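These are the residues of each chain, in order.
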Amino acid sequence: QVQLVESGGGLVQPGGSLRLSCAASGITFSNYIMGWYRQAPGNQRELVATITSGANTNYPDSVKGRFTISRDNAKNTVYLQMNSLKPEDTAVYSCNAHLTYMGVNWRDYWGQGTQVTVSS
């Protein structure tokens, strides 16, 4: 069975930091592009960060310079370091594993999500 299990969410004050983890099982981890997405109440799910097996990363302008995605292929784990957190970062953060060959989408797996709340 395939499982993506997130951890590390919680309540922090504006300007604080959190480190999220996503442990994957049941997949050949190194073959997948890993990503973090978030969804706030009433909003659409949006991209936070992606990372390839070769450690190439992609961020939207909203988090660039504040968030860092990384992966440890030996541990089948992807991380999201979040610094300088803002109230608008409040959302459920979900881990994604994506497998594509020759432009064809083969697999797309999601974790259950972890709540991040930024508030004073």
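Below is a summary of the structure that appears in this document. (Residues numbered from 1 in each chain as written. Predicted model: local features only at pLDDT ≥ 70, side-chain atom pairs only at ≥ 80, totals over all residues. Heavy atoms only, no water.)

Quick notes on the packing of aromatic side chains
- In the structure shown here, the tally under the stated rule is two aromatic pairs.
- Centre to centre, the rings of Tyr 32 and Tyr 109 are 6.3 Å apart; their planes meet at 45°, and the pair counts as tilted. In this pair, Tyr 32 sits in the loop between strand E3 (18-25) and strand E4 (33-39) while Tyr 109 sits in strand E10 (residues 104-110), placing the two residues 77 residues apart along the sequence.
- Taking relative accessible area as the criterion, Tyr 32 reaches 7% and is therefore assigned buried.
- With relative accessibility at 24%, the residue Tyr 109 sits in the partly exposed group.
- Both rings, one in Tyr 37 and one in Trp 110, keep their centres 5.1 Å apart while their planes meet at 65°; by these two values the pair is edge-to-face. Here the residue Tyr 37 occupies a position in strand E4, and Trp 110 occupies one in strand E10, the gap between them amounting to 73 residues.
- Its relative accessible area of 31% is what places Trp 110 among the partly exposed residues.
- The cationic tip of Arg 19 hangs over the ring face of Tyr 79; the distance from NZ or CZ to the ring centre is 4.0 Å.
- Above the ring of Trp 110, the side-chain terminus of Arg 45 is found at 3.7 Å from the ring centroid. (Phe/Tyr/Trp six-rings, centres within 6.5 Å; stacked < 30°, edge-to-face > 60°. Helix = DSSP H or I, 4+ residues; strand = E, 2+ residues; numbered from the N terminus. Buried < 20%, exposed > 50% of the residue type's maximum accessible area, 1.4 Å probe, protein only. Lys NZ or Arg CZ within 6 Å of the ring centre and 35° of its normal.)

Focus on the side chain of Thr 114
- Mapped onto the fold, Thr 114 is located in strand E11 (residues 114-118).
- Beyond its immediate stretch of four places on either side in the chain, Thr 114 contacts Glu 6, Gly 8, Gly 9, Leu 20, Ala 91, Val 92 and Tyr 93. (Contact = heavy atoms within 4.5 Å.)

Quick look at a nonpolar patch on the surface
- Taken together, the side chains of Tyr 101, Met 102, Val 104 and Trp 106 define a hydrophobic patch exposed on the protein surface, amounting to about 520 Å² of accessible area.
- Along the chain, the position of Val 104 falls in strand E10. (Patch = residues over 30% accessible without salt bridge, like charges linked within 9 Å, V, L, I, M, F, W, Y side chains within 5 Å. Areas by Shrake-Rupley, 256 points an atom, 1.4 Å probe, with all protein chains shown as cover. Salt bridge = Lys/Arg side-chain N within 4 Å of Asp/Glu carboxyl O.)

What to know about the sheet that holds strand E8 (residues 77-82)
- Reading across from one edge, E1-E3-E8-E7 is the order of the four strands in this open sheet, with antiparallel pairing throughout. Each edge of the open sheet is held by one strand with a lone partner, namely strand E1 (3-7) and strand E7 (67-72). The sheet shows a mean angle of 15° between the axes of neighbouring strands, taken without regard to direction.
- The pairing of E7 with E8 spans six bridges and is classified as antiparallel. Within E8, the position partnered with Phe 67 by the bridge is Met 82. (Pairing = 2+ DSSP bridges. Axes fitted to C-alpha atoms, helices over the stretch in contact; angles between N-to-C directions.)

Describing unusual backbone geometry
- We note that Ala 55 has phi near 75°; this positive angle belongs to a residue other than glycine.
- Assessed through its relative accessible area of 48%, Ala 55 is described here as partly exposed.
- In this structure, Met 102 takes a positive phi of about 50° despite not being glycine.
- Within the secondary structure, Met 102 is located in the loop between strand E9 (91-101) and E10.
- Owing to a relative accessible area of 84%, Met 102 belongs among the exposed residues under this scheme.

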